[in-house]
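Here is how the chains run, residue by residue.
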Amino acid sequence: MEFFVPETREEIRARHRPIIVITSNNEKELPDAFLRRCFFHYIRFPDRETMESIAELHHPGLDRKLLTRALEVFYGLRDVPGLKKKPSTSELLGLIRSSPPSPTRSRGSRTARRGTCPPPPARCSRTSVHTELALPDRVPSGRTW
């Protein structure tokens, strides 16, 4: 296996046949001719316990009550029939990141930087999410969303 890089005028030769891993979130259809040459390995969506570990890894010291409630809302939204796209791990982490810092989350942590919280993702309603999570409409700095 080899290929030429015109920009560097180099020819690259593999010592061993490469293994190429392509991931897909099924947002686009891939051509049948391509798919016939693929070996598939399906990775199931993380269960609640795994998702809890992922959230704690990204947000050390996260308030347990907030995490529990965020996971309830998150998995509840994933169960809603007919959604064009189910919320993924990034939406859960964004939801947690958009919540106001609690006393257990230190001001220096990634989740409470500069004492303000970023706005929630545009495709979700701040009012409905914050009502569901019983969160205030104001960020700690006093600014409204």
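Before reading on, note that the structure itself is shown above.
Here is a short report on the structure shown in this document. (Residues numbered from 1 in each chain as written. Predicted model: local features only at pLDDT ≥ 70, side-chain atom pairs only at ≥ 80, totals over all residues. Heavy atoms only, no water.)

## Section: the environment of K86
Test applied: Helix and strand assignments follow DSSP, with helices taken as H or I runs no shorter than four residues and strands as E runs no shorter than two, numbered in order from the N terminus.
Positionally, K86 belongs in the loop between α3 (64-78) and α4 (89-98). In this structure, the C-alpha to C-alpha distance between K86 and Y75, residues 11 residues apart in sequence, is 9.5 Å.

## Observations concerning the nonpolar core
Let me state the cut-off plainly: Only buried Ala, Val, Leu, Ile, Met, Phe, Trp, Tyr and Cys residues count toward a nonpolar core, and they belong to the same one when joined by side-chain atoms within 4.5 Å. Partly exposed describes any residue whose relative accessible area lies between the buried limit of under 20% and the exposed limit of over 50%, with all areas from a 1.4 Å probe on protein chains only and scaled to the type maximum.
If you look at the biggest cluster of nonpolar residues, it comprises 13 residues, and the most contacted ones within it are M51, A55, L62, L67, L71, L92 and I96. Listing elements by their share of this core, those giving two or more residues are α2 (48-58), α3 and α4. When residues of this core are assigned to their parent elements, the largest contribution, 6 residues, is made by α3.

## Section: the packing of aromatic side chains
Selection rule: Centres within 6.5 Å are what make two rings of Phe, Tyr or Trp a pair, Trp counting through its six-membered ring; a difference in plane orientation under 30 degrees is then read as stacked, over 60 as edge-to-face, and the rest as tilted. Here, a charge over a ring is recorded when the distance from Lys NZ or Arg CZ to the ring centre is within 6 Å and its angle to the ring normal is within 35 degrees.
According to the stated counting rule, one finds 3 aromatic pairs in the structure shown. Judged by centre distance (5.1 Å) and plane angle (80 degrees), the ring pair of F74 and Y75 falls under edge-to-face. The exposure class of F74 is buried, given its relative accessible area of 3%. A residue is classified by how much of its surface remains accessible, and Y75, at 17% relative accessible area, is buried. Through pairs of rings, three or more aromatic residues link up here, namely F45, F74 and Y75. Positioned above the aromatic ring of F45 is the side chain of R78, whose terminal nitrogen or guanidinium carbon lies 3.5 Å from the ring centre.

## A closer look at the pairing of strand β2 (residues 10-13)
What counts here: Should DSSP find at least two bridges between two strands, the strands are regarded as paired.
When strand β1 (residues 2-5) meets β2, the two strands line up antiparallel, connected through 4 bridges. Its bridge partner being in β2, F3 is matched across the sheet by I12. Between β1 and β2, which follow one another and run antiparallel, lie 4 residues, and R9 among them has a positive phi close to 55 degrees.

## What to know about the pattern of salt bridges
Note the threshold: We count a salt bridge whenever a side-chain nitrogen from Lys or Arg sits within 4 Å of a carboxyl oxygen from Asp or Glu.
Overall, the coordinates contain 6 salt bridges when judged by the stated rule. Its salt-bridge partner being E11, residue R13 comes within 2.8 Å of it at the nearest N-O pair. The partly exposed category is assigned to E11, whose relative accessible area is 43%. When the shortest N-O distance is used, the salt bridge between E56 and R64 registers 2.1 Å. The partly exposed category is assigned to E56, whose relative accessible area is 32%. Linked by salt bridges that have partners in common, E2, E11 and R13 make up one network.

## Here's the deal with the packing of α2 against α3
Using the following cut-off: To obtain an axis, a line is fitted to C-alpha atoms, over the contacting stretch when the element is a helix, and the angle between two such axes runs from 0 to 180 degrees between their N-to-C directions. Roughly parallel refers to an angle under 35 degrees, roughly antiparallel to one over 145, roughly perpendicular to one between 65 and 115, and oblique to any angle outside these ranges. It is the rotation of the near helix from the far one that decides the hand of a crossing: anticlockwise by less than a right angle makes it left-handed, clockwise makes it right-handed. We call two residues contacting when some pair of their heavy atoms lies within 4.5 Å. Residue classes follow a fixed rule: Ala, Val, Leu, Ile, Met, Phe, Trp, Tyr, Cys and Pro count as nonpolar, while Asp, Glu, Lys and Arg count as charged, and any other residue, Gly among them, counts as polar.
At a minimum axis distance of 11 Å, the contact between α2 and α3 shows a crossing angle of 130 degrees. Judged on the interaxial angle alone, α3 and α2 are oblique. In the crossing of α2 with α3, the sense of the turn from one axis to the other is right-handed. For the pair formed by α2 and α3, the contact residues are R48, M51, E52, A55 and E56 on the first element and R64, L67, T68, L71, E72, F74 and Y75 on the second. Tallied by class, the residues present in the contact of α2 with α3 amount to 6 nonpolar, 1 polar and 5 charged.

## Regarding a nonpolar patch on the surface
Rules: Like-charged residues are merged into a patch within 9 Å and nonpolar side chains (Val, Leu, Ile, Met, Phe, Trp, Tyr) within 5 Å, provided each residue has over 30% relative accessible area and no salt bridge. A 1.4 Å probe and the Shrake-Rupley method give the accessible areas. Residues count as covered only by the protein chains that appear here.
A surface patch of nonpolar side chains, about 400 Å² in accessible area, is lined by I20, I22, L30 and F34. Among the secondary structure elements, I20 is positioned in the loop between β2 and α1 (32-35). The exposure class of I20 is exposed, given its relative accessible area of 70%.

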